[in-house]
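Letter by letter, the chains look like this.
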Amino acid sequence: MSDALIQAATLGRRAVVRTARQPANVIFPLIFPMLLLAVNAGGLRSATRLPGFPTDSFLAFALAIPFVQGALLATINANVEFARDIQTGFLNRLALTPVRGIVLLVGQLGGLITIAVAQAVFYLAVAVAFGVRLEAGVGGAAMILLLEVAIALGFAALGSWAALRTGSTEAVQGLFPVFFVFLFLSSMNMPRNLIQTDWFRWVATINPVSYLIEAVRSLVIEGWNWEALGLGFAAAGGLSLVGFALATHALWRRLERT
Amino acid sequence: MRDTVAVARGVSWRVLHAFFTNPAFLLPSLAFPLFFFTAFVGGLSRVSQIPGFDFPTGYTAFQFVFVLLQSAAFAGVFTGFGIARDFDSGFMRRLMLAAPKRSGILLGYAFSALIRWLTVAAVVTVVALLARMKIDGNGVDLFGLYTLALLLNLAGTLWATGVAMRLRTQQAAPVMQMPVFLLLFFAPVYVPLGLLQGWIHGVASVNPITPLLEAGRGFISGQPELALAAFAITVGLIAGFGLWAVRGLRSAEAAG
């Protein structure tokens, strides 16, 4: 058991260090979500004047978006590297060692979650510096980080599945727009009850990303809304379970081939 | 002149052949504008009910103009990505050796960017019409709108070409993309300029893209405004970025 932990920690550390050594992979996921937040918060500030809008600060309302977006970007970057490990034969060499397949996956996911949480701390710090006050208080900040772990795990597992299934960096990069479709077709810019277009409201309602955003958002603008949190964790847990099952299966298939 | 045209024809044929036959190039160019259009029109149409939102033609037309201009600028940027890719693969070096008139290279890329954008614009327009977009402008107004977008496409191409010619690597992609992205999104994207508040209002007021958006929205609503300023800005951008691209080409030539 302790051997497995050491192996997972080593592989996780490798994933973190490899990302940290590429400035573009560090800076872009930190800056780009903040830029989009600035654009949306500035451009849609007047939307808070709509009757029924839940807060008078669009910055607070939109703060949930970087957490989901950052998890997506971290997933893409880390899994591109994972796919590169497959392309370069690193995974094949690793398969010759005593490292168990499941440990390999856990290590990879652990490293990715570490990156996502570091990003989340940065987003929180920037938001607080710009005057956002979390309605759920300090405990809410801790809960946001916990949610970020769950969100990152969900996306990371799906990204790892794509990497293992295809073994192609291009294919993993191709996931970027797919994930972003889910983000943009969610309740990211407008509460679901205020979305006017029926089909869009329906898509946002069945889109799990809406619940991830609403869970984080509830801690920022409402306080402790257990229903929103429950739905958020359920959505993240569902994504994680599906992603992990798919990734595990893909890993077995890939190791079989080697 | 004949040499220039021959080089331009060869370059543009190659780029357009890759664009129309490789889904990896075609689909993102089509998908991104459609995706923004869908997300903005579908998700944000309630924004048109904000007190003071006075655009009579409707939110679909309001966002269509932004997406049209965005697709024009980004068709130019995507062409810049292709130039950078040609440098990375070594194709550009061979092309420069073979081309009797290297200015034809710029012309060829610019022409292919134009055709790329016209394809995207046609699809976006059809989708917008299917989404029951209202158009209050007449034929002349619409000609003005599409001409403005076409000129922005040329400006975007020349900007990205200048960057690609200087940096000569695909890693330059964010340098081409980010300034265009920021200029576009620091304009009145979601609501008219008058409804923007705080720092974004200050930035949008001096952003050269703002008059283009306002002129475009004026065209589609049949109430042209700032048209002269918008065309003057795009012509200025083309002149400036034209010089930037030509000097970039010289820089690439000097680098061997």
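(A) Just the overall build of chain B, in detail. A count of helices and strands for chain B gives ten helices and zero strands. Traced from its N-terminal end to its C-terminal end, chain B shows the element sequence α-α-α-α-α-α-α-α-α-α. For 256 residues, the compact-globule formula gives about 18 Å, and the C-alpha radius of gyration of chain B, at 19 Å, lands near that figure. Residues counted as buried form 46% of the 256 residues belonging to chain B. Sequence separation of at least 24 residues holds for 81% of the intrachain contacts in chain B that already meet a minimum separation of 6.

(B) Main features of the overall build of chain A. Along chain A, the regular secondary structure elements total twelve helices and zero strands. Listing the helices and strands of chain A from first to last along the sequence gives α-α-α-α-α-α-α-α-α-α-α-α. For chain A, the C-alpha radius of gyration of 19 Å lies close to 18 Å, the compact-globule estimate for 258 residues. Over its C-alpha atoms, taken along the principal directions, chain A stretches across nearly 60 × 35 × 30 Å. Contacts in chain A between residues far apart in sequence, at least 24 positions, make up 80% of those at least 6 positions apart.

(C) Representation of the interface of chain B and chain A within the structure. Listed by partner, the interface residues are 24 residues for chain B and 21 residues for chain A. Mapped by element, the contributors of at least two residues to the side of chain B that touches chain A are α2 (23-44) and α8 (199-206) of chain B. Looking at which element gives the most residues to the side of chain B that touches chain A, the answer is α2 of chain B, with seven residues. Grouping the amino acids of the side of chain B that touches chain A by side-chain chemistry returns 17 nonpolar, six polar and one charged.

(D) Representation of the confidence of the model for chain A in the model. Looking at chain A as a whole, its pLDDT mean stands at 87, while 98% of the residues score no less than 70. Averaged pLDDT values for the elements of chain A fall to 73 in helix α8 (residues 169-173) of chain A and rise to 96 in helix α11 (residues 208-221) of chain A.

(E) Representation of the packing of helix α1 (residues 2-20) of chain A against helix α6 (residues 101-129) of chain A in the model. Residue and element names in this part refer to chain A. For the pair α1 and α6, the least separation of the axes is 7 Å and the interaxial angle reads 45°. If you check the angle between α1 and α6, you find them oblique. The two elements α1 and α6 meet at a crossing, and its hand is right-handed. Between α1, through Ala4, Gln7, Ala8, Thr10, Leu11, Gly12, Arg13, Arg14, Ala15, Val16 and Thr19, and α6, the contact on the second element is made entirely by Val103, Leu104, Val106, Gly107, Gln108, Gly110, Gly111, Leu112, Thr114 and Ile115. Of the residues that constitute the contact of α1 with α6, the class distribution is ten nonpolar, nine polar and two charged.

(F) Main features of unusual backbone geometry. All names here are of chain B. Positive phi outside glycine occurs at Arg132, with the angle close to 60°. With respect to the helices and strands, Arg132 occurs in the loop between α5 (103-130) and α6 (139-167). Unusually for a residue other than glycine, Leu226 sits at a positive phi of about 55°. Secondary-structure assignment places Leu226 in the loop between α9 (209-220) and α10 (227-255).

(G) Representation of the environment of Ala75 of chain B. All names here are of chain B. Mapped onto the fold, Ala75 is located in helix α3 (residues 59-89). In this structure the C-alpha to C-alpha distance between Ala75 and Ala61, which are 14 residues apart in sequence, comes to 21 Å. Each residue touching Ala75, except ones within four places of it in the same chain, is listed here: Ser29, Ala113, Arg116, Trp117, Val120, Asn153 and Gly156.

(H) Spatial organisation of α2 of chain B. Taking 1.5 Å of rise per residue, 22 residues should cover 32 Å, and α2 of chain B covers 30 Å from first to last C-alpha, within 8% of that figure. Among the residues of α2 of chain B, those classed as buried are Pro33, Phe37, Thr38, Ala39, Phe40, Val41, Gly42, Gly43 and Leu44 of chain B.

(I) Geometry of the environment of Leu37 of chain A. All names here are of chain A. Among the secondary structure elements, Leu37 is positioned in helix α2 (residues 23-43). Along the primary structure Leu37 and Val103 are separated by 66 residues, whereas in three dimensions their C-alpha atoms are 36 Å apart. Leu37 has contacts with Ala62, Leu63, Ile65 and Pro66, leaving out every residue within four places of it along the chain.

(J) Representation of the confidence of the model for chain B. Model confidence for chain B is summarised by a mean pLDDT of 92, while 100% of its residues fall at 70 or above. The ipTM assigned to the predicted complex is 0.75, against a pTM of 0.84.

(K) Molecular detail of the packing of helix α7 (residues 137-166) of chain A against α11 of chain A. Residues and elements named next belong to chain A. Two numbers describe how α7 lies on α11: the axes approach to 9 Å, and their chain directions differ by 170°. For the element pair α7 / α11, the angle class is roughly antiparallel. Together, Gly140, Met143, Ile144, Leu147 and Ile151 of α7 and Leu212, Ala215, Val216 and Leu219 of α11 make up the contact between the two elements.

(L) Up close: the environment of Pro54 of chain A. Residue and element names in this part refer to chain A. Take Pro54: it is sitting in the loop between α2 and α3 (58-62). Through-space distance from the C-alpha of Pro54 to that of Met190 is 9.8 Å; in sequence the pair is 136 residues apart. When sequence neighbours within four positions are dropped, the list of residues in contact with Pro54 reads Pro191 and Ile221.

About the thresholds
Residues numbered from 1 in each chain as written. Chains lettered and ligands numbered in written order. Predicted model: local features only at pLDDT ≥ 70, side-chain atom pairs only at ≥ 80, totals over all residues. Helix = DSSP H or I, 4+ residues; strand = E, 2+ residues; numbered from the N terminus. Rg over C-alpha atoms; globule rule 2.2 N^0.38 Å. Buried ≥ 20, exposed ≤ 12 C-beta atoms within 10 Å, placed from the backbone. Contact = placed C-beta atoms within 7 Å. Nonpolar A, V, L, I, M, F, W, Y, C, P; charged D, E, K, R; others polar. pLDDT = per-residue confidence, 0-100. Axes fitted to C-alpha atoms, helices over the stretch in contact; angles between N-to-C directions. Parallel < 35°, antiparallel > 145°, perpendicular 65-115°, else oblique. Left-handed = near helix turned anticlockwise from the far one by under 90°. Expected span 1.5 Å × (residues − 1).

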